[in-house]
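# Examining the three-dimensional arrangement
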Amino acid sequence: MPMPDLYGDIRAQAAWQENSDYTTDIYQAQVGAMGNMKVNSFGIGYQLEAEYSESMTEKSEDNDLIVREANIRVMFPGLGGAYIGSGTTGTWNDLYSKVDIFESNNMERHSNNMLFGAQRYATNQLAIMTPVFSGFQFKAAVVSPDEQNDADADIVGLRALYTQEAFRLVVNHSWTSKEMLGGATQDGQRTLVATSYEFNQFYVGAVAEFDYDMPFDSRNVYGVSAKYTLDNTSFSLGYQYADWKGARDNESLYLANVRHDFNEHFALFAEGALYGASYQAGVNKPADIAKGDNVNVGLIVSF
């Protein structure tokens, strides 16, 4: 059996966050192992990863050590493959990652500062995928994080992907059970469309999220991110806009990041975010306290 690849990083930053005190901390650290092996005519991939993070919202359940990734992938040549386990969702890998390219304001547990409605990680995932035919691939997934809500399939998703050299286009539709939504009278639905393009040192990605039949109200969320890399320095810009269909005010988010990699093990960055709607005690949800203007300077050590 081949030895797995070991990896990890430690991330520290000084953060000036609206609605919070100035902090200097290790906001995220992770260590993991991943590998692949051949068994008869099919391949098996696996990943096991632990994470420590500190949430901007000071929620105790987010400031702890957890097993973030624990999954197995089985690939059948010419037939496709299957995934089972916990960790990063397929919707993030294939869609949200197109715009979630920032260090301090992102969909990680320590931040969760994006305007999109989904989460990056989930437990109890089962997914199947087809081979790639002329650039097209199809995937289906069932996610059941709540084992006590009388719904065997909490979230069901279908996805179509198209790749042509540096161009990618992905469409995803998902159904969330009313039991998972807590108090909803009908299942929720979400449609996602994402695209990206790379040209030499330039990258641009966009995501559109359409939420309907959700208990928190219907809305459309649009996001675009771009990055330019010059030697070992990258410059990233992003914009997101949440168009609420009910009484809640629309939201906007502007993002900027500069990162310099001295080598593959050490990097420095500076990042800022401006939100079009600020947190107000007694008005916004508690989790929205993280969605405030911020400036962050940090360093990353990787191995």
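This report concerns the structure included in the present document. (Residues numbered from 1 in each chain as written. Predicted model: local features only at pLDDT ≥ 70, side-chain atom pairs only at ≥ 80, totals over all residues. Heavy atoms only, no water.)

### Concerning the overall build of the chain
Assigned secondary structure in the chain consists of two helices and 16 strands. Sorting the 303 residues of the chain into buried and exposed places 43% on the buried side. Across the chain, the fraction of contacts at a sequence separation of at least 24, relative to all contacts at a separation of at least 6, is 50%. Element-wise, carbon and sulfur atoms account for 60% of the exposed surface of the chain, whose accessible area totals about 15600 Å². (Helix = DSSP H or I, 4+ residues; strand = E, 2+ residues; numbered from the N terminus. Buried < 20%, exposed > 50% of the residue type's maximum accessible area, 1.4 Å probe, protein only. Contact = heavy atoms within 4.5 Å. Areas by Shrake-Rupley, 256 points an atom, 1.4 Å probe, with all protein chains shown as cover.)

### Some details on unusual backbone geometry
Despite not being glycine, Ser-134 shows a phi value in the positive range, around 50°. Assessed through its relative accessible area of 69%, Ser-134 is described here as exposed. The phi angle at Glu-165 is positive, at roughly 55°, despite the residue not being glycine. For Glu-165, the location among the structural elements is in the loop between β8 (155–164) and β9 (167–176).

### A look at the packing of aromatic side chains
All told, the structure shown has seven aromatic pairs when counted by the stated rule. Summarising the aromatic geometry, the rings of Phe-136 and Tyr-162 are spaced 4.6 Å apart at their centres and angled 45° between planes, so their arrangement reads as tilted. Taken as a pair, Phe-136 in strand β7 (residues 136–143) and Tyr-162 in strand β8 lie far apart in primary sequence, 26 residues in all. When its relative accessible area of 23% is taken as the criterion, Tyr-162 is described as partly exposed. Ring plane angle 45° and centroid distance 4.9 Å describe the contact between Tyr-239 and Tyr-254, whose orientation is recorded as tilted. (Phe/Tyr/Trp six-rings, centres within 6.5 Å; stacked < 30°, edge-to-face > 60°.)

### Quick word on the side chain of Asp-100
Secondary-structure assignment places Asp-100 in the loop between α1 (90–94) and β6 (121–129). Put simply, Asp-100 is tucked away with no salt bridge, and the nearest opposite charge, on Arg-120, sits 4.6 Å away. A polar contact is formed between the side chain of Asp-100 and the side chain of Trp-92, at a distance of 2.8 Å. Polar contacts involving the side chain of Asp-100 include one to the main-chain amide nitrogen of Met-107, which spans 3.3 Å. Residues contacting Asp-100, with those up to four places away along its chain left out, are Trp-92, Asn-105, Asn-106, Met-107 and Met-114. (Lys, Arg positive; Asp, Glu negative; His and termini not counted. Salt bridge = Lys/Arg side-chain N within 4 Å of Asp/Glu carboxyl O. Polar contact = N/O pair within 3.5 Å; in protein donor to acceptor, adjacent residues only side chain to side chain.)

### Brief notes about the pattern of salt bridges
Pairing between side chains of opposite charge can happen when the charged atoms of each approach one another. Counted according to the given criterion, the structure contains 16 salt bridges. With a shortest N-O distance of 2.5 Å, Glu-51 and Arg-109 are connected by a salt bridge. Taken together, the residues Glu-51 in strand β3 (residues 42–53) and Arg-109 in the loop between α1 and β6 connect sequence positions 58 residues apart. Arg-109 gets classed as buried once you look at its relative accessible area, which sits at 17%. Here Glu-198 makes a salt bridge to Arg-168, at a shortest N to O gap of 3.5 Å. Here Glu-198, found in strand β10 (residues 188–199), pairs with Arg-168, found in strand β9; they are 30 residues apart in sequence, far enough to count as distant.

### As for the environment of Ser-41
In this structure, Ser-41 sits in the loop between β2 (23–39) and β3. Classification of Ser-41 as exposed rests on a relative accessible area of 53%. For the pair Ser-41 and Met-75, spaced 34 residues apart in the sequence, the C-alpha separation amounts to 9.3 Å.

### Some remarks on the environment of Leu-255
Mapped onto the elements, Leu-255 comes out in strand β14 (residues 251–261). Sequence separation of Leu-255 and Phe-102 is 153 residues, and the distance between their C-alpha atoms is 8.0 Å. Excluding residues that lie within four positions of it along the chain, Leu-255 makes contacts with Phe-102, Asn-105, Met-114, Ser-236, Leu-237, Gly-238, Gln-240, Gly-272 and Ala-273.

### Description of the nonpolar core
One finds Tyr-96, Met-114, Leu-115, Phe-116, Val-207, Leu-253 and Leu-255 to be the most contacted residues of the largest nonpolar core, which totals 22 residues. Those elements giving two or more residues to this core turn out to be β10, β13 (233–244), β14 and β15 (266–275). When residues no more than four places from it in sequence are discounted, the contact partners of Phe-116 are Tyr-96, Val-99, Val-207, Glu-209, Arg-219, Val-221, Gly-223 and Gln-240. (Core = buried A, V, L, I, M, F, W, Y, C linked by side-chain atoms within 4.5 Å.)

### Observations regarding the pairing of β13
Alignment of strand β12 (residues 219–230) against β13, held across twelve bridges, turns out to be antiparallel. Paired with Val-224 across the bridge in β13 is Tyr-239. Between β12 and β13, which pair antiparallel one after the other, the connecting turn spans two residues, and Asp-231 there sits at a positive phi close to 55°. Relative to β14, β13 runs antiparallel, the two being bridged by ten bridges. Across the sheet, residue Tyr-239 finds its bridge partner in β14, namely Tyr-254. Following β13, the chain reverses through six residues before pairing antiparallel with β14. (Pairing = 2+ DSSP bridges.)

Just distances and angles here, no functional claims.
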